[in-house]
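Topology and contacts: notes
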Number of protein chains: 2
Amino acid sequence: MDSRHTSREKLTDTLRAHGINPTHQRIEIAHALFSRQEHLSADQIMAIVNERHCETSKATVYNTLNLFVAKALIREVIVDPTRVFYDPNTEPHYHLYDVQSGRLTDVSSADVRISGLPDLPEGMVAEGMDVIIRVRPAI
Amino acid sequence: MDSRHTSREKLTDTLRAHGINPTHQRIEIAHALFSRQEHLSADQIMAIVNERHCETSKATVYNTLNLFVAKALIREVIVDPTRVFYDPNTEPHYHLYDVQSGRLTDVSSADVRISGLPDLPEGMVAEGMDVIIRVRPAI
DNA sequence: AGCCGGGCTGGACTGTGTCTAATGCAGCCC
DNA sequence: GGGCTGCATTAGACACAGTCCAGCCCGGCT
């Protein structure tokens with residue numbers, strides 16, 4: 001009845017539902033992302049997963065994150081030229097990026113209306129739209 | 001009365017207008033960006049500038065691009081996790097990014113209406129908003 | 001047992017971008 | 001002219017995220 005335990009069981013199901021073989025490492029990585037609802041970089045995820053003992057290699061972390069993205073379990077967020085953030089929230093939504101601190105927060109897309117977008121070029125399909133509002137502390 | 005010449009003279013003025021000391025290298029880099037109205041990476045810019053003889057170093061290219069961005073002469077576009085693109089168009093506008101080919105094209109913001117954005121957090125100022133529409137060729 | 005295949009691993013590697021220490025060069029004052 | 005100051009440039013070393021590779025582990029199957 002431990003909630004962390006339950007959570008890990010749910011994650012196992014989630015992974016399977018996305019066609020991902022739920023290994024120990026993959027569950028830990030998914031747990032890092034889904035337990036805290038934050039935007040983490042590969043680096044941060046590796047640090048969290050290996051907090052106690054080093055048991056997951058860099059290659060596995062990157063492989064797993066790329067796999068999760070390919071299977072649409074998580075999303076990449078590209079705002080910082082030096083590293084990619086991973087977002088466990090796959091609902092359509094936008095981002096607020098604090099340029100100063102590097103903090104990234106979600107903006108619900110529910111209330112946002114975007115109109116007047118041009119037609120896509122012939123033979124192109126939209127994969128998605130990223131909206132990033134860059135903010136910084138007022139002086 | 002050579003148009004390239006004229007262009008370089010205009011660039012000299014533009015640089016000065018932005019508080020940038022117009023050196024030979026800076027003019028060449030600005031010319032690479034402004035003559036073709038494209039989105040180029042630092043790498044591509046260096047290749048263009050050094051097409052004939054190598055006369056501008058990597059450090060200078062990066063220093064100059066960062067200077068241009070700081071002085072609001074050009075804009076960074078962050079869509080590709082592996083490299084930054086530089087955009088000579090500083091008018092507000094959005095981007096269409098072809099995930100397959102890596103091609104980046106402008107979308108005029110004139111017709112686009114965005115409403116319902118949330119209030120910014122206390123003490124924060126917006127620096128700008130990036131809108132990136134990711135597209136790929138239809139199968 | 002022996003094979004097969006997916007997953008994991010350390011370590012080497014790649015490619016952007018930054019840093020550093022040295023050099024060049026222009027203006028300036030004496 | 002000679003010496004000083006300060007910015008711009010440079011080559012090369014470096015930092016770092018991310019990828020690649022070759023080998024190992026391990027569970028399932030025959």
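Read on for an overview of the structure. Note that the coordinates shown come from a computational prediction; the quantities given were computed from them, not determined experimentally. (Residues numbered from 1 in each chain as written. Chains lettered and ligands numbered in written order. Predicted model: local features only at pLDDT ≥ 70, side-chain atom pairs only at ≥ 80, totals over all residues. Heavy atoms only, no water.)

Per the secondary structure count, chain A includes 4 helices and 7 strands. When the helices and strands of chain A are placed in sequence order, the string is α-α-β-α-α-β-β-β-β-β-β. In terms of its C-alpha atoms, chain A occupies a principal-axis envelope of roughly 50 × 45 × 30 Å. Out of the 139 residues in chain A, the part that is buried amounts to 40%. Across chain A, the fraction of contacts at a sequence separation of at least 24, relative to all contacts at a separation of at least 6, is 44%. Approximately 8,100 Å² of chain A is accessible, and the part contributed by carbon and sulfur atoms is 49%. (Helix = DSSP H or I, 4+ residues; strand = E, 2+ residues; numbered from the N terminus. Buried < 20%, exposed > 50% of the residue type's maximum accessible area, 1.4 Å probe, protein only. Contact = heavy atoms within 4.5 Å. Areas by Shrake-Rupley, 256 points an atom, 1.4 Å probe, with all protein chains shown as cover.)

Further remarks concern the interface of chain B and chain A. The partner chain A presents 35 residues to the 35 residues of chain B that form the contact. Summed over both sides, the interface between chain B and chain A buries roughly 3,200 Å², with carbon and sulfur atoms accounting for 64% of that surface. By the criterion of area lost to chain A, the three top residues of chain B are Ile78(B), Glu127(B) and Arg134(B), representing 19% of everything that side buries. Where chain B meets chain A, there are 4 salt bridges. When the shortest N-O distance is used, the salt bridge between Arg136(B) and Glu127(A) registers 3.1 Å. Residue assignment for the side of chain B that touches chain A shows that the elements contributing at least two residues are strand S2 (75-80), strand S4 (93-98), strand S6 (113-115) and strand S7 (124-137) of chain B. Its residues placed into classes, the side of chain B that touches chain A shows 23 nonpolar, 4 polar and 8 charged. Strand direction decides the pairing type here: strand S6 (residues 113-115) of chain A and S6(B), joined by 3 bridges, are antiparallel. Bridge pairing links Arg113(A) to Ser115(B) in S6(B). (Buried area = accessible area lost by both parts, 1.4 Å probe. Salt bridge = Lys/Arg side-chain N within 4 Å of Asp/Glu carboxyl O. Nonpolar A, V, L, I, M, F, W, Y, C, P; charged D, E, K, R; others polar. Pairing = 2+ DSSP bridges.)

Before going further, it helps to spend a moment on the protein's contact with DNA strand C. The immediate surroundings of DNA strand C are formed by 19 residues, with Thr23(A), Glu55(A), Thr60(A), Lys58(B) and Val84(B) found nearest. Within the side chain of Tyr62(B), a nitrogen or oxygen atom sits 3.1 Å from a phosphate oxygen of DNA strand C. Of all elements in the fold, only helix H2 (24-35) and helix H4 (58-70) of chain A together with helix H3 (42-49), helix H4 (58-70) and strand S3 (83-87) of chain B reach the threshold of two or more residues within the surface near DNA strand C. Here the surface near DNA strand C is composed, by residue class, of 5 nonpolar, 8 polar and 6 charged. (Near = heavy atom within 4 Å. Polar contact = N/O pair within 3.5 Å; in protein donor to acceptor, adjacent residues only side chain to side chain.)

Okay, the side chain of His39(A) next. All names here are of chain A. Along the chain, His39 turns up in the loop between H2 and strand S1 (40-41). A polar side-chain atom of His39 sits 3.2 Å from the main-chain carbonyl oxygen of Leu104. In terms of polar contacts, His39 uses its side chain to reach the side chain of Asp106, at 2.8 Å.

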